[in-house]
2 protein chains.
Amino acid sequence: MAKKKYVYYFGDEKAEGAGEMKELLGGKGANLMEMTNLKLPVPPGFTISTEVCTYYYDKKRTYPRGLEKEVNAALKKVEKSMKMKFGDPKNPLLVSVRSGARASMPGMMDTVLNLGLNDETVQGLIEKTDNPRFAYDSYRRFIHMYGDVVMGMKPEDKNAADPFEEILDRKKWTHGLKNDAELTTEHLKELVQEYKDEIKRRTGKDFPEDPMEQLWGSIGSVFDSWMNERAVAYRRMYGIPQSWGTAVNVQAMVFGNMGEDSGTGVAFTRDPATGEKRFYGEFLMNAQGEDVVAGVRTPLPIEELEAIDPKVYKQLLQIRSKLERHYREMQDVEFTIQEGKLYMLQTRAGKRTGFAAIKIAVDMVEERLIKKEDALMRIEPEQLNQFLRPIFDLEQKRQVIEDGRLLAKGLNAGPGAACGRIVFHASDAVEMAKGGDPVILTRVETSPEDIKGMEASDGILTARGGMTSHAALVARQMGKICVAGCGALDINYREGKMNVNGKTLFQGDWISIDGTTGEVIEGKLDTRPSEVLQVLLDGSMKPEESDVYQKYESVMRWADEQRKLRVRTNADQPDQASNAIKFGAEGIGLCRTEHMFFGGDRITAVREMILSDTEAGRRNGIMKLLPMQREDFAGIFRAMDGFPVTIRTLDPPLHEFLPHEEKDITAMAEYMNIPVEKVKRRLESLHEFNPMLGHRGCRLGVVYPEITEMQARAILEAACEVKNEGINVLPEIMIPLVAHRNELKHQRAVVDRVAKEVMDSYDMKIDYLVGTMIELPRAALTADEIAEQAEFFSYGTNDLTQTVFGLSRDDAGNFLQHYYDHSILENDPFATVDVDGVGELMRIGTEKGRSVKRKLKVGICGEHGGDPKSVELCHRLNFDYVSCSPFRVPIARLAAGRGVIREKLAKKAEQAEKRRAAAKKSVAARKKTQTTKRAKKGTSGRKK
Amino acid sequence: MAKKKYVYYFGDEKAEGAGEMKELLGGKGANLMEMTNLKLPVPPGFTISTEVCTYYYDKKRTYPRGLEKEVNAALKKVEKSMKMKFGDPKNPLLVSVRSGARASMPGMMDTVLNLGLNDETVQGLIEKTDNPRFAYDSYRRFIHMYGDVVMGMKPEDKNAADPFEEILDRKKWTHGLKNDAELTTEHLKELVQEYKDEIKRRTGKDFPEDPMEQLWGSIGSVFDSWMNERAVAYRRMYGIPQSWGTAVNVQAMVFGNMGEDSGTGVAFTRDPATGEKRFYGEFLMNAQGEDVVAGVRTPLPIEELEAIDPKVYKQLLQIRSKLERHYREMQDVEFTIQEGKLYMLQTRAGKRTGFAAIKIAVDMVEERLIKKEDALMRIEPEQLNQFLRPIFDLEQKRQVIEDGRLLAKGLNAGPGAACGRIVFHASDAVEMAKGGDPVILTRVETSPEDIKGMEASDGILTARGGMTSHAALVARQMGKICVAGCGALDINYREGKMNVNGKTLFQGDWISIDGTTGEVIEGKLDTRPSEVLQVLLDGSMKPEESDVYQKYESVMRWADEQRKLRVRTNADQPDQASNAIKFGAEGIGLCRTEHMFFGGDRITAVREMILSDTEAGRRNGIMKLLPMQREDFAGIFRAMDGFPVTIRTLDPPLHEFLPHEEKDITAMAEYMNIPVEKVKRRLESLHEFNPMLGHRGCRLGVVYPEITEMQARAILEAACEVKNEGINVLPEIMIPLVAHRNELKHQRAVVDRVAKEVMDSYDMKIDYLVGTMIELPRAALTADEIAEQAEFFSYGTNDLTQTVFGLSRDDAGNFLQHYYDHSILENDPFATVDVDGVGELMRIGTEKGRSVKRKLKVGICGEHGGDPKSVELCHRLNFDYVSCSPFRVPIARLAAGRGVIREKLAKKAEQAEKRRAAAKKSVAARKKTQTTKRAKKGTSGRKK
C-alpha cells in the first residue's frame, strides 16, 4: 500500500490536488488547487488534509508520523517558488495559516497572518521593502493575532477588552492620535515590544521567535479552533457534521498594505443581494484583507479600481469571466494587489440572498450556463422565504419620510422590511425577543459571537462594514433583513442609546429598516406582502409587472416538473385553504377539528358534553356542534374543489376544553344546572400526569364514540351538500393516535356506519376514505395490521419524535440546549426528522403498510412536512405527499423537486463509482496477469 | 375440492372426529369423540364445528349453507342410536345443547338441557318413564333455561331476581314448602304454564313448542354467548383469543333424576387440592348435573357410591384407570347414572391447585407415565406462587382456637392462609380492596359474575358448594385461598352481616381462613412463610422434612436442566439480594440507586445538590453521598459473591427528591442558607408537563456529570474494597434512558475515567462492564450504533411499553378498562410484553446490537421479567437473562425451562407438518400421474 499523504502542494500553475478533493483538502484548499490549475495568479502554499484533523482529535491532539517531514518538504517548494526563505533574516518568506473545512464557516475558526516574522526577519522585510513602517505594522499585527489565537491572550469574557487593543488605544491616546494610520514606525516598534511584554506578563511565556515554532503553534491552534464554541454553534445551525474536520492551509503571504500601489479586495461575479449580472465588489488600497471583511474601514466599490489601476482591473474582469465559465456559478473572490501585481487568494461559490439565488439560477439557465436541474439544486428551499417576506407600504413610507422620520441610509444588505425594538447586545436580543415584540439588533459591527442574537432578531442594523461584512454575510445566509454600514449611527453601548443625525434613540425604541433600499426609519411602519404575495394572494400586482414573481414562477414550474411528491397544506379555515392553493397546495393534509371547538357557543356545548355523566347527556352536548362543524367543513370543501381534504377527528385531551378560572367554572355549573363541586371534581378527574401520553386522540373516540359520530356526520353531510352544489368533494377522515388496529377498526366502523346513514338519507354517494395518523411507534411497528383497516397513513412526526425519543417537547428545553452545546445531539429533532430513529420507523411503517395494501396512500402532516430535508426524506421513502403550513408550500414543492434530482445525481455518482471500481479491478487484474506472467517466466524476477 | 363439513357425529363407540381436533370441535366436542372412540359409554350426539362460529360472527350472525341439512342427518343418527325420535309424542328424544371452546371456560357460556320437551312430548316422557313428576320437573327446568338463555328472560340488572325463581319461590311459599323436592306433579305442571305465561307477558312471544325451533334457538344462543360480557372478561383474564370461537355440542340427554337408582356426579382421577393419588369426587342421587356443579345441594364423597351401586362404582374405577393410562394426565369427569346404567358425559384435564399440579406432575414422572419435560409443561409457572404463599403460625392458631375463636370448618378448597376484612358483594370487594386492607369475599355461593371481586380478594369463603363448586374451581385457578361449603355461615346480604354458630360478624370485620385445613377463624391471625420458604429462607425446616419442598426442588432442578436463560433479580438491599440467591437468582439485573437517595441525611445532601447553582455546589452536595452509597454497594457485592450486579445510575427526575410541604421547603432553605423564594423558584423550574418524557435518566448524568461521577466512584471503590476481602465482584454499570449513542458515549467516558482513577488509587483491576437500558424506541431502532458503546443491553420494558403505545401508565387507568371491556386490547401490556409492538422492538434492538457486537449480553429488567409469557419471549429472542423481583425468580426459572421445551415441541410440530405436507404432495403427484396416464390412454376417458 502507498504511504499515506498528508500534505498537498500548490503553486506555479500546478497543484498536487484538485477542486473535487474538498473532503480531503477542505473547501479553501481544494479551491486553491483548482485556481492554481486554472492558471490564476495564486500565491504558492500547501494544504494539510482534513485526515490530519480527524487523527488529531482521535489521538488526543497529536499528529500522525511523517507529517513534519511532509510539511518541511512542501515549505521548501514554497520557498523555491517565492524565491524567499522561511526565517531568513535577509529575504524572509512570510506565510498565512488558515482553516478550511469542507463547508464554508466564515469567521468561525482561527487564522494567523504574517507568520515568520521575528526580531531578525523583520529587518529582512525592512530591507526588502524599504518600508520599515509596513514591516513593524505587519509584525505588531502578527504578534497581536498570534497572541490571541495561539497563546490564549483573547479574554474569555466577551465584554472585556482585548489587551492588545488596550495597549494600542493607550499608545494613540498618549500621542494624541485618532487612527492607526497615524502611528509612526517608532510607535509600532514600541508596540511590538509592549505586546511581547504583555504576553510574558499574562502567560508567563515568551513570544516564540523561532518561525518553525510559530508555524506549528498556529497549525495546532487552527485544528483546535474546529471545536471552539462559535464553530460548534455554527455547525449545529447549518447541520455540518463534526466528523468532517478542517484542513489547514499554509500559504505565502502577499501584502496589500505595501503602499499606495498595493491593495486588497473582495468581489462577487454577480450582485449577491439582487442577483444582477454585474461585477460587484469592494476594495481598499494599502490595506490587508481583514480590513475589508471586518468592516473597520468602509471600502470603495470595485468599479473605482479601474481609475486607480486599470491593468489590474482588466485582469480581474477577465478572471471573473474565466471563473464563471469554469465554475458555472456565481463566485466570491478575494484578491490582493502587491506593488501592482494581482494575486488571487480565494474563490468560492458566493453567498447570496434568496432573491439573488433565484435570479442567478434562473438567469444562468437562460444563459445556458447551467440546466434547470442545476438551478434547482442551487436554491436552498428556505431561500424562497425571502420571496414571501414582507415589504413596507410604499405610500406610508413616503409619507413618513416626508414627515422627517428617515434617520439615515445604509447598505441594502438583506432585502425585506423589518420593524422592531432596538437592542444593542446580542444576548439582550435573545432575551427581549422572548417578550414577543420583534427586535432589531443594532451594532457598530457584528462578530461571530453575535450569532445567537442575530438569529433571535427580525432585522440587523450596523454602523460599519460593507456588503461583505460579517453582518451582511450572515444576515443574508440566515435570510434576515439587514441594513449594514450605516455610518450615521453613533452608538453608545454603555448608555444603551444611539445618536443619528441629531436624534437620540434608546434601547427598546421602535425602528424600521428596509433591507431592500437601505433606509433606516424612526418608529413603527406597517409592512405588507411581498411582490409574490401581491401577485398570488391579493392580486394587487399582475404577474407580468413583477420580475421577482416571474423568477419565482419559473422555479416553481421547474420543481413541479421534477417532483413526484404531492404537496398539501395544513389548514382548518377556508381562507387558509384557498391561500394554500395559490401557493400550489394540492389538497389539505391536516384539518384539525379541535380549533373549531373553541369560540362562543361552541365551547359551551363542548363543555356540556365533557361534563355529562351519561352517553345521552354527552350526545346532547356534542350534537349542538353538528350544524356548526358541518358549516366549517362545507366552507373548506368549497375552497378545495377537486382536491382531497384530510380531516382529523378530535385529538387533544378533554381537559384542554374545560374552564380553569373560578368564574368560568361557576358559569358553566349554572348553565348546566349542576353543582360547582361537580364541575371541579370532573376537572380533577381529568387531570393527567403525562397528558401527552394520556386520554387523547382516538382514545377519546373509542370511549366516547358519539364524538366521532358527530364529526363523521358533519363531514359527510357537508360533503353531500357541497357536492349538490356541483363541487367535487374528496373527504379523507383521519383517526389520530392509533396504537392498535382494533382502535382504528372501532373508529372506522363508527365512521362507515354514519356515512351509510348520511348517504342513504341524501341518496348520494361520497367517495370518502378512512385512514390514520401514524404517530406512535406501535402503529409503525404493526403497520401491516393497521393497513388492513386504513386507506391511508399520515405520519404525525411531532408526536412520533416525542415517543421515539421519549422526549416531551414542552419539557425538553431544560436540557436540549445543553445537548447541542455538548454535541450530544447535532440537530433539533423537532425541526428536521431524525433519520435514524423516527425515519427508520417511517420506513418500517410504510413498507409494512404497503406489504398488505400495495396502493396505500402515505403522507406526512407533522411540522416536518415543511422542512426541506424532511421532505426529501419523504421522497426517498416513496411517500405520496407531504403536508405543511400554507406559507411553506412553495418550499416543500422545491424540496420535493430537489429530492428527485438528488436521487438522480446519487444514482449517477453510484454508477460512476462502479465504473471506477470496475476500472480499478481490471487494472488490478491486468497487473496480476503481468505478475503471474513474470512469475511464469521463472525465478528471474525473484533474483532482485 | 371436498365439500366443507360442519357437523361431526359421535355414538355407539365410533366418532367422526377425534381427540386432537380441538381447534375444529372445541375441547368438549373433541373429548366426546375421543371418549367414544375409547369405547366409553357416551350418549350419542354431534358437534357443530368452531368454523360455524367464525362464519356466524363474520357474516352478521348467519349460518353457512348446508348446515341445516347436516344437522338433520346427524340428528337422525342420534335417534337411531337411542331408538327414540326427536319431537315424537310417544318416544321423545331429548337433547342437551352446550358450548365447547378450544380452551375450557367453565360456566362462562350458555347451556340448554332437556331440549325437545313440549306439551305433547312431555306426555311421551311420562308414558316412557312412568314418572310424571320427573317429566314435569324436566319440562319446567327446560322452560326456565330456555327462557333465560334464548328468550332473554334473565334480568340485565344482576341484583334483580330471576322471574322464574320468583314464580318458584311464590309457589313454594303459597303451599308452605321449603325444598323444590316437595313440589308435587301438579305444582310442577302449574309452574310450566305460569313460566310460559310469564314469557309471553314479558317478551310478547310464545314459548316455542316446535322442538326444531327450540334446537335452532338454542344453537344460536350458544354461539351468541361466546361474546357475552362474562365470556369476554374470562378470555381477557386467561389470554384466550376471541377468534377461536366455540363449537356447539348437541347430545342425547340422559337423566340422573329418574329416581333413586339414578344419579349424577363429578370426579377427579387424583385429588385436585393436594395432588394425592386417589379417586376423588362427589355425586348426588336423583339429581341432574347442574345440582352438583352449582353447589345447591352438598353432594356425597364418591367413595360412598360403592355402598349404593357397587357395579357402577367398580365400572367408574376401571374407567378412571383407563383414562389416566390413555390421557397420561389427571382427568376431571362428569357422569350420570340413568336407572342403574352409567353414562360418561365428559372428561377433561382437571383443574388443580399449584400444590396438586406440582405433586401430580412429579408423581407421574416417578410413575413413568410422563417425562420430565411433560411435567414442566403441566405446571403453570404462576402456580409456584402457591408454594410461596403464607401459612398461619400453627402455635398461634392453636391458641386462638383454644380461646374459642374458631368459627366453623368448611372445605379446604384453595390452600394457603388468608386474613382480611369480610365483604359480601363482589363489587364491594373491588372497592374495599382499593383501601389497602386485604378482603375476604364471603358469599353463600359464587357465580361467574363475581370474577372481578374474586380477583380483588385475598381469600374466598362460601357457605354452599363442594370442592368442584364455582368458588372452589375459580379460586384454585386464580391461586386464591378458599374455604368452600362452610354450611355454618348464615349470611344476610341485605343487612350486611352473617351469623356463625351464634356469633354475628359484619361487613368490614376481620376474619382469617385456612384454605389448607378449611378452618374459619374470627379476627386477625398472623401468617408466616410457606414450607418452601421455611426451608429456603429461614431454615426453620429441613429439606427432608418437607415433601412440598422436595417436589418444588425437583421441578426447579428439571427446569434448570432445560433452560438457557439466566435468571437474575431486581434488588437494592443486601437482604433482598441474598433471599433472591436462595430462590435461584444468578445475579442482580437491576439495582436501583435512587432508593438509596432517600432517608435522613441523604435526602438533605441530594436536595443540596439539586438546589445549587454551580457545579461546585452540586458536587459538594452529591459528594456527601459518596461514603453512604459506597457502603450500600459494598453490602450488595458481599451478598452476591461471584454473581454479576447491574447497577443503574440515577433515573428519576430531580423534582421527585425535592420537598413539597411548606415546612420542609423552609427547613431546606434555612439549612442551605438561601432564601425560601429561591427554593420555590427551583421547584417551579423543575416542574414538567410530562415528567415521564422529561429531564430524567441519563439526561441527568449528561447535564450533571458529577452525579454519574459520584455513583461510578461509589461503585468502583466498593468493588475494590470488597474484592480486597477476597470476594469476587462483577459490577455492571447501567446507564438509563439512552436515546442516542452520544449520550451513552458521554456517560461511559465519565465512568471509564473515574474507574481508572479509582483502580489506580487502589492499585487493583476490577472487571466492570458498562451498558445501557433499552427503554426508548430510538435506542432499539439505533441499537447498532448504541452497541458500539455498550457491553450489555437491558430492556426496560415498562418505559418501552409506555413510549411504544404512547401511553402513560399513571393515566391509562381512565380508559384501559374500557379497552378491555370492548375488546380493543385483549391483555394488559404492562403485565405481559406486547409481542407485536414492544416485542418487535426487542427483536430489532437485539439483532441490530448483536450485528455489531456478536457477544453483546442482552437481558430484561422491566417488571415483565417475572411474567412467564414474557420470559418465554425473551428466550425466543435469544436473550442472555431475565431479571425479576426475588419472589418471582422460581417462576422465571420454570418459564425459562418451559420456553426451551415449547421451542422443541414447535420444531417437532413443524417437522411433522412438513412431513404431512410432503406426503400430501406425493399423493397429489401420484394422482396427477394417474390423471396424466389416463389422459395418455387417449380420448376414452373423455367419453364419460
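Above: the structure in question.
Residues numbered from 1 in each chain as written. Chains lettered and ligands numbered in written order. Predicted model: local features only at pLDDT ≥ 70, side-chain atom pairs only at ≥ 80, totals over all residues. Heavy atoms only, no water.

A. Quick look at empty space enclosed by the protein. Residues and elements named next belong to chain A. Throughout the structure, instances matching the rule amount to seven cavities of 30 Å³ or more. Estimates place the volume of the largest cavity at around 80 Å³. Val-232, Arg-235, Arg-236, Ile-240, Gln-242, Tyr-820, Ser-823, Leu-825 and Glu-826 are the residues that line the largest cavity. Element by element, the count of residues in the lining of the largest cavity is highest for helix 9 (residues 229-238), at three residues. Each residue belonging to the lining of the largest cavity can be placed in one class, and the counts come to four nonpolar, two polar and three charged. (1 Å grid on protein atoms, 1.4 Å probe; cavity = no way out; pocket = protein on both sides within 12 Å on 5 of 7 lines; lining within 4 Å. Points joined across faces, edges and corners; volume = space filled by probe spheres on them. Helix = DSSP H or I, 4+ residues; strand = E, 2+ residues; numbered from the N terminus. Nonpolar A, V, L, I, M, F, W, Y, C, P; charged D, E, K, R; others polar.)

B. Quick peek at the relation of the copies chain B and chain A. Overlay of chain B on chain A (RMSD 0.1 Å): rotation 180°, translation along the axis 0.1 Å. Between the two chains, the operation in question is that of a two-fold axis. For chain B, the minimum C-alpha distance to the rotation axis belongs to Asn-690 of chain B and amounts to 2.2 Å. When the interface residues of chain B are mapped onto chain A, 100% of them again lie at the interface, so the same face is used by both copies. (Least-squares fit on C-alpha atoms with pLDDT ≥ 70 in both. Contact = heavy atoms within 4.5 Å.)

C. Quick peek at the pairing of strand 27 (residues 566-570) of chain B. Residues and elements named next belong to chain B. A large share of strand 27 lies buried, amounting to four of its five residues. The pairing of strand 27 with strand 34 (residues 881-884) spans four bridges and is parallel. Looking at strand 34, one finds that Arg-568 is bridged to Ser-883. Of the strand pairs in this sheet, strand 27 and strand 28 (residues 588-592) are connected by two bridges, and their pairing is parallel. Note that in strand 28 the partner of Thr-569 across the bridge is Ile-588. (Buried < 20%, exposed > 50% of the residue type's maximum accessible area, 1.4 Å probe, protein only. Pairing = 2+ DSSP bridges.)

D. Representation of the sheet that holds strand 22 (residues 497-500) of chain B in the model. All names here are of chain B. With respect to topology, three strands assemble into an open sheet ordered 21-22-23, the strand pairing being antiparallel. A single partner strand is all that each edge strand has here, and the edge strands are strand 21 (489-492) and strand 23 (503-506). The mean inter-strand angle of the sheet, taken between neighbouring strand axes irrespective of direction, is 20°. Where strand 21 and strand 22 come together, four bridges link them in antiparallel fashion. When the bridges of strand 22 are listed, Leu-489 appears paired with Val-500. (Axes fitted to C-alpha atoms, helices over the stretch in contact; angles between N-to-C directions.)

E. Structural context of the nonpolar core. Ranked by size, the top nonpolar core spans 294 residues in total, and within it Phe-637, Phe-793 and Met-842 of chain A together with Phe-637, Phe-793 and Met-842 of chain B carry the most contacts. Setting aside chain neighbours within four positions, we find Phe-637 of chain A in contact with Val-645, Ile-647, Ile-715, Ala-718, Ala-719, Val-722, Ile-727, Val-729 and Pro-731 of chain A. Membership of the second largest hydrophobic core comes to 83 residues, among which are Val-52, Tyr-56, Ile-126 and Ala-231 of chain B. (Core = buried A, V, L, I, M, F, W, Y, C linked by side-chain atoms within 4.5 Å.)

F. Local environment of the interface of chain B and chain A. Each partner contributes residues to the interface: chain B has 46 residues there, and chain A has 47 residues. In total, chain B and chain A occlude about 4,100 Å² of area from one another, counting both sides; carbon and sulfur atoms represent 58% of this. Sorting the residues of chain B by area buried against chain A places Leu-693, Arg-778 and Ile-824 of chain B first, and these three jointly supply 15% of that buried surface. Our count for the contact surface shared by chain B and chain A stands at four salt bridges. With a shortest N-O distance of 2.6 Å, Arg-778 of chain B and Asp-834 of chain A are connected by a salt bridge. Counting across the interface, chain B meets chain A through 26 residue pairs in polar contact (both at pLDDT 80 or more). Residue assignment for the side of chain B that touches chain A shows that the elements contributing at least two residues are helix 28 (698-703), helix 30 (741-762), helix 31 (777-781), helix 33 (797-805), helix 34 (813-821) and helix 35 (835-852) of chain B. By residue number, the principal contributor to the side of chain B that touches chain A is helix 35 of chain B, which donates six residues. Residues of the side of chain B that touches chain A, tallied by class, amount to 20 nonpolar, 15 polar and 11 charged. (Buried area = accessible area lost by both parts, 1.4 Å probe. Salt bridge = Lys/Arg side-chain N within 4 Å of Asp/Glu carboxyl O. Polar contact = N/O pair within 3.5 Å; in protein donor to acceptor, adjacent residues only side chain to side chain.)

G. Here's a closer look at the environment of Cys-720 of chain B. All names here are of chain B. On the secondary structure map, Cys-720 appears in helix 29 (residues 705-724). Its relative accessible area of 0% is what places Cys-720 among the buried residues. For the pair Cys-720 and Phe-689, spaced 31 residues apart in sequence, the C-alpha separation works out to 42 Å. Not counting residues within four places of it along the chain, the set of residues in contact with Cys-720 comprises Val-758, Tyr-762, Met-764 and Ile-766.

H. Spotlight on the packing of helix 25 (residues 626-639) of chain A against helix 29 (residues 705-724) of chain A. Residue and element names in this part refer to chain A. Contact geometry of helix 25 with helix 29 gives a least axis separation of 8 Å together with a crossing angle of 45°. One way to sum up the angle between helix 25 and helix 29 is to call them oblique. In terms of crossing hand, the pair formed by helix 25 and helix 29 is right-handed. Between helix 25 and helix 29, the residues in contact are Leu-626, Gln-629, Arg-630, Glu-631, Phe-633, Ala-634, Phe-637 and Arg-638 and Met-710, Gln-711, Arg-713, Ala-714, Ile-715, Glu-717, Ala-718, Ala-719, Glu-721 and Val-722, respectively. Split into classes, the residues belonging to the contact of helix 25 with helix 29 amount to 10 nonpolar, two polar and six charged. (Parallel < 35°, antiparallel > 145°, perpendicular 65-115°, else oblique. Left-handed = near helix turned anticlockwise from the far one by under 90°.)

I. Just the sheet that holds strand 7 (residues 111-115) of chain A, in detail. Residue and element names in this part refer to chain A. Pairing is antiparallel in the open sheet, where six strands are placed in the order 2-1-3-8-6-7. Here the strands that pair on one side only, and so sit at the sheet edges, are strand 2 (14-15) and strand 7. Sheet topology note: the strand 1 (residues 7-11)/strand 3 (residues 45-48) ladder contains four bridges and is antiparallel. Residue pairing across strands places Tyr-9 opposite Phe-46, the latter belonging to strand 3.

J. Spotlight on helix 5 (residues 132-149) of chain A. The terminal C-alpha atoms of helix 5 of chain A, which comprises 18 residues, lie 25 Å apart, in line with the 26 Å expected from a rise of 1.5 Å per residue. Along helix 5 of chain A, 15 of the 18 residues are buried, which leaves the element largely enclosed by surrounding structure. (Expected span 1.5 Å × (residues − 1).)

K. Highlighting the pattern of salt bridges. Residue and element names in this part refer to chain A. In total, this model carries 148 salt bridges over all chains according to the counting rule given. With its nearest N and O atoms 2.8 Å apart, the salt bridge here joins Glu-594 to Arg-648. Pair noted here: Glu-594 is in the loop between strand 28 (588-592) and helix 23 (600-611) and Arg-648 is in strand 29 (residues 644-648), with a separation of 54 residues, a long-range link. By relative accessible area, which is 8% here, Glu-594 ends up buried. Between Glu-757 and Arg-713 there is a salt bridge; the shortest N-O distance is 2.7 Å. Of the two residues, Glu-757 sits in helix 30 (residues 741-762) while Arg-713 sits in helix 29, which places them 44 residues apart along the sequence. Residue Glu-757 is classed as partly exposed on the basis of its relative accessible area of 35%.

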